[in-house]
Protein chains: 2
Amino acid sequence: MISKVICLIFDGLGDSPIESLGWKTPLEAANIPNFDEIAQNSLCGLMNALGRGIRPGSDVAHLALFGYPMEKYYTGRGPIEIAGLGIKLEEGDLSLRGNFATVNSNWDIIDRRAGRILEVSELAKALDNMYIDGINFIVKPGTAHRAGVILRGQGLSSAISDSDPHEDKKPVKLFYPLDSSEEAQFTSQVLNKFIQKAHEILKDLDINKKREKQGLLPANFLLLRGAGLQPSIPSFYNRYQLKACCIAGGGLYKGIGSFLGMDLIEVEGATALANTNINGKFKAAIKALDEYDFVFVHIKATDSLAEDGNYQGKISFLERVDKELVIFKDLPSNVLLVITSDHSTSCNLKAHTADPVPIIFYGKGIRVDRVSQFDERSCAYGGLGYIEGKDLMPQILNIMGKLPLHGA
Amino acid sequence: MISKVICLIFDGLGDSPIESLGWKTPLEAANIPNFDEIAQNSLCGLMNALGRGIRPGSDVAHLALFGYPMEKYYTGRGPIEIAGLGIKLEEGDLSLRGNFATVNSNWDIIDRRAGRILEVSELAKALDNMYIDGINFIVKPGTAHRAGVILRGQGLSSAISDSDPHEDKKPVKLFYPLDSSEEAQFTSQVLNKFIQKAHEILKDLDINKKREKQGLLPANFLLLRGAGLQPSIPSFYNRYQLKACCIAGGGLYKGIGSFLGMDLIEVEGATALANTNINGKFKAAIKALDEYDFVFVHIKATDSLAEDGNYQGKISFLERVDKELVIFKDLPSNVLLVITSDHSTSCNLKAHTADPVPIIFYGKGIRVDRVSQFDERSCAYGGLGYIEGKDLMPQILNIMGKLPLHGA
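The structure presented is a predicted model; accordingly, all values stated were derived computationally and were not measured.

Quick notes on the rules
Along every chain, residues carry numbers that run from 1 in the direction the sequence is written. Think of it this way: whatever chain is written first is A, whatever ligand is written first is 1, and the rest follow in order. Since the coordinates come from a predicted model, pLDDT governs what is reported: local features require at least 70, and pairs of side-chain atoms require 80 or more to be given and counted, while whole-chain, interface and lining totals use all residues. Computation of side-chain values: all heavy atoms of the structure, hydrogens and water removed. Residue burial is assigned from relative accessible area. The probe radius is 1.4 Å, only protein chains are included, and a residue is buried under 20% of its type maximum, exposed over 50%, and partly exposed in between. Working definition: helices are DSSP H or I runs of at least four residues, strands are E runs of at least two. Numbering for both runs from the N terminus. Contacts are residue-level and defined by heavy atoms, with any inter-residue pair within 4.5 Å sufficient. Strands qualify as paired when DSSP identifies two bridges or more between them. Simply put, an axis is a line fit to the C-alpha atoms, just over the touching stretch for a helix, and the angle between two N-to-C directions goes from 0 to 180 degrees. Values of pLDDT, the confidence the predictor places in each residue, fall between 0 and 100. Each of two parts loses accessible area, computed with a 1.4 Å probe, when they are put together; buried area is these two losses added. Whenever a carboxyl oxygen of Asp or Glu lies within 4 Å of a side-chain nitrogen of Lys or Arg, that contact is scored as a salt bridge. Residues are grouped as follows: nonpolar covers Ala, Val, Leu, Ile, Met, Phe, Trp, Tyr, Cys and Pro; charged covers Asp, Glu, Lys and Arg; every other residue, Gly included, is treated as polar.

Regarding helix α10 (residues 251-259) of chain B
Turn by turn, an α-helix covers 3.6 residues, leaving residues three or four places apart pointing in a common direction. Residues and elements named next belong to chain B. Burial analysis of α10 places eight of its nine residues in the buried class, which makes it a mostly covered element. When α10 is considered as a whole, its buried residues turn out to be L252, Y253, K254, G255, I256, G257, S258 and F259. Residues of α10 that are buried in the fold lie against α3 (58-65), α4 (70-73), α5 (77-84), β9 (244-247), β10 (263-264) and β11 (294-299). Residue G261 follows α10 closely and has a positive phi angle near 80°.

See below:
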């Protein structure tokens, strides 16, 4: 009886036939005996995360796979990226993405990225946890010059402008309301107070004085954009009664896990690049089965390499993954392994496409079909047929005997 | 990289297995090596224009294939046929279809088709471009006794009766409003003035006096029916940024092209019958690639022959098409060829059916599948699976790398 799931998602795994590979796709051209052996003992099919003819970004595709339709739960990439910074967002939180920047005394922008400052933890810490007019401002560092800001409190609105003019040499824009509501008025005012206060704190920080002495631009301003209110998100656990964790290198994917209330498991060397520690991530997945019912493992490089048109790189990476995949061949009999992807990325087009991706279900008691290879065209002939992302979780719950009964 | 498309639509191409063909369909029974060779190098599948279990007319099926759902864009066959007469309809235009007819001095109908008069250009011209109460009346000749009338101006309504009683020996009906609006009142009145004036002009025309001398019925009246207001139709170009043309023999299909803002390309001998100039149409399609991004080619006889139950005729016609199809085998590498149909027409039932039709995508970089023959049952095993008409344009745009991204 299946009671645990490892869900292995290779970003941008599906691809197009490539002329110099004799019109094979990278998956078809790669020598991947372990993938093939697993597929041979799986129920196979094809899937489009959002449906036929819809070309998805990775964020909304993952939400769809986990059963969270974008129409209802997607309020922009901001809240997801901010969730990836390790902040548990609550319903009604207003999040903005930001840059540490350099302004002169007239608030004209000298550099939107403060001379591409590399580390902003100390700057974020100096601004974190302020209270203004009953609103709590939470400030977390992102990568390089980036940061996330969360406003938590009553009466907030996302109908406000950006303070970031999105260009150097322009003055900072004050926030203003985009509708006639009191909430938009209030949110603009309190944010204007916050950026003023943040500027006063930042310009006097030791770290900035030191930068100036070194001839570097001081990171004396926090430019904000993309306000998004956190919708009410039922957690993955509340939705499926499955205790879930996320093993990912990329910030966006940690964000998706965190956004859905999954625990994040950090793995050394999980870089989200082609050099990532595959063995470490796969071992962590097996270990996580002790504590979790649902282990989401994300592998990014299949997408990035295809975005670069580097099909040889994609093939080599797949072959390296294949060697590590052996670890999953003899899973305990209560474990289901799902291998699939969020969307195709074409090395020809160097872009996401709406072509479906292969999906396989590997575990005891599954209706294994006649497919003997793991690739886009072989899986088209699988016993599962063609599904959409929204069908994935019901399919998993079905295998686990956990679907509710309709009728009697 | 695919940047141009030829979309070859065979009307009523799908069919049923026929006992005297050993339960083969006409497509299966026909000897069509070029179709088969193209299918062998294509991504194949089945399609229902409107969806499972929906038996479509050709007009709404074509609209669906081009991404114009009937719920939103179909206001009757009238506007489409009138578009096929070469008139660019504007939003708010009221179109009616009409017959030139013969009435006596009491306006009793002697013959609804004026003795099946064959040519009405001169008659239409005599009525064209009248102005009554601020409304411009545009009158264009159709085939044989038929004509189209467009009312252009402010305050028009389609909630009006027909003047055509649809039977001989009945009196002409005056238009009356079908709702209580001022617009319906006004439209009825202005149309009654128009038919009165038209009658006065027609009865004195030389051509009619000549007919009477020859013992023929004079075409002294214009009977009108099927008022339809032109909806706001985004053009095919505005929708897809593809410059499109239409190569068709049948008036309805020219109408569809014109309705969507495609340029009509006339081909000598394109009769919409089994004797049509296939070679001329296919050559015109190749030539049109110089100027157009999307070439819609319509072939009608596959449907008409099946409507007559003439499966031997359908087979012979397909075999004749197959010989000409060779022209498409070596298209430039930037061209996608799509071959499909709007609906099945069963020779057994002599009617359209809701059975899906084969569809194939032929071009460089496409996920060619294992199908080796072009027919209904072979394509059921294609890598594309089953799609609906609404999926066709997204699938084409996907292959062209032109789909917008959802999410980020």
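Once the structure has been displayed, the description carries forward.
A word on the sheet that holds strand β2 (residues 43-48) of chain A
Residue and element names in this part refer to chain A. Taken in spatial order, the eight strands of this open sheet run β11-β10-β12-β1-β13-β16-β2-β17, and their pairing is mixed. Edge positions in the sheet fall to β11 (263-264) and β17 (385-388), since each has one partner strand and no second. In this structure, strand β1 (residues 4-10) lies alongside strand β12 (residues 294-299), joined through six bridges in parallel fashion. Within β12, the position partnered with F10 by the bridge is I299. The strands touched by helix α11 (residues 278-288) are β1, β10 (244-247) and β12; relative to β12, the strand with the most contacts, the crossing angle is about 170°.

Some thoughts on the confidence of the model for chain A
For chain A, the mean per-residue pLDDT works out to 95, and 100% of the residues sit at or above 70. Reported confidence for the predicted complex is 0.82 by ipTM and 0.85 by pTM.

Concerning the interface of chain B and chain A
Between chain B and chain A, the residue contacts involve 26 residues of the former and 31 residues of the latter. Across the chain B to chain A interface the summed buried area is about 2,100 Å²; carbon plus sulfur atoms make up 53%. Among the residues chain B hides against chain A, the three largest losses belong to R367(B), H406(B) and A408(B). Together they make up 33% of the total. Between chain B and chain A we count zero salt bridges in total. Elements supplying a minimum of two residues to the side of chain B that touches chain A: β16 (385-388), α15 (392-399) and β17 (405-406) of chain B. If you tally residues by element for the side of chain B that touches chain A, the top one is β16(B), at three residues. Tallied by class, residues from the side of chain B that touches chain A come to 13 nonpolar, eight polar and five charged. For strand β3 (residues 55-56) of chain A and β17(B), the ladder comprises two bridges, and the chain directions are parallel. Looking across to β17(B), one finds that R55(A) is bridged to L405(B).

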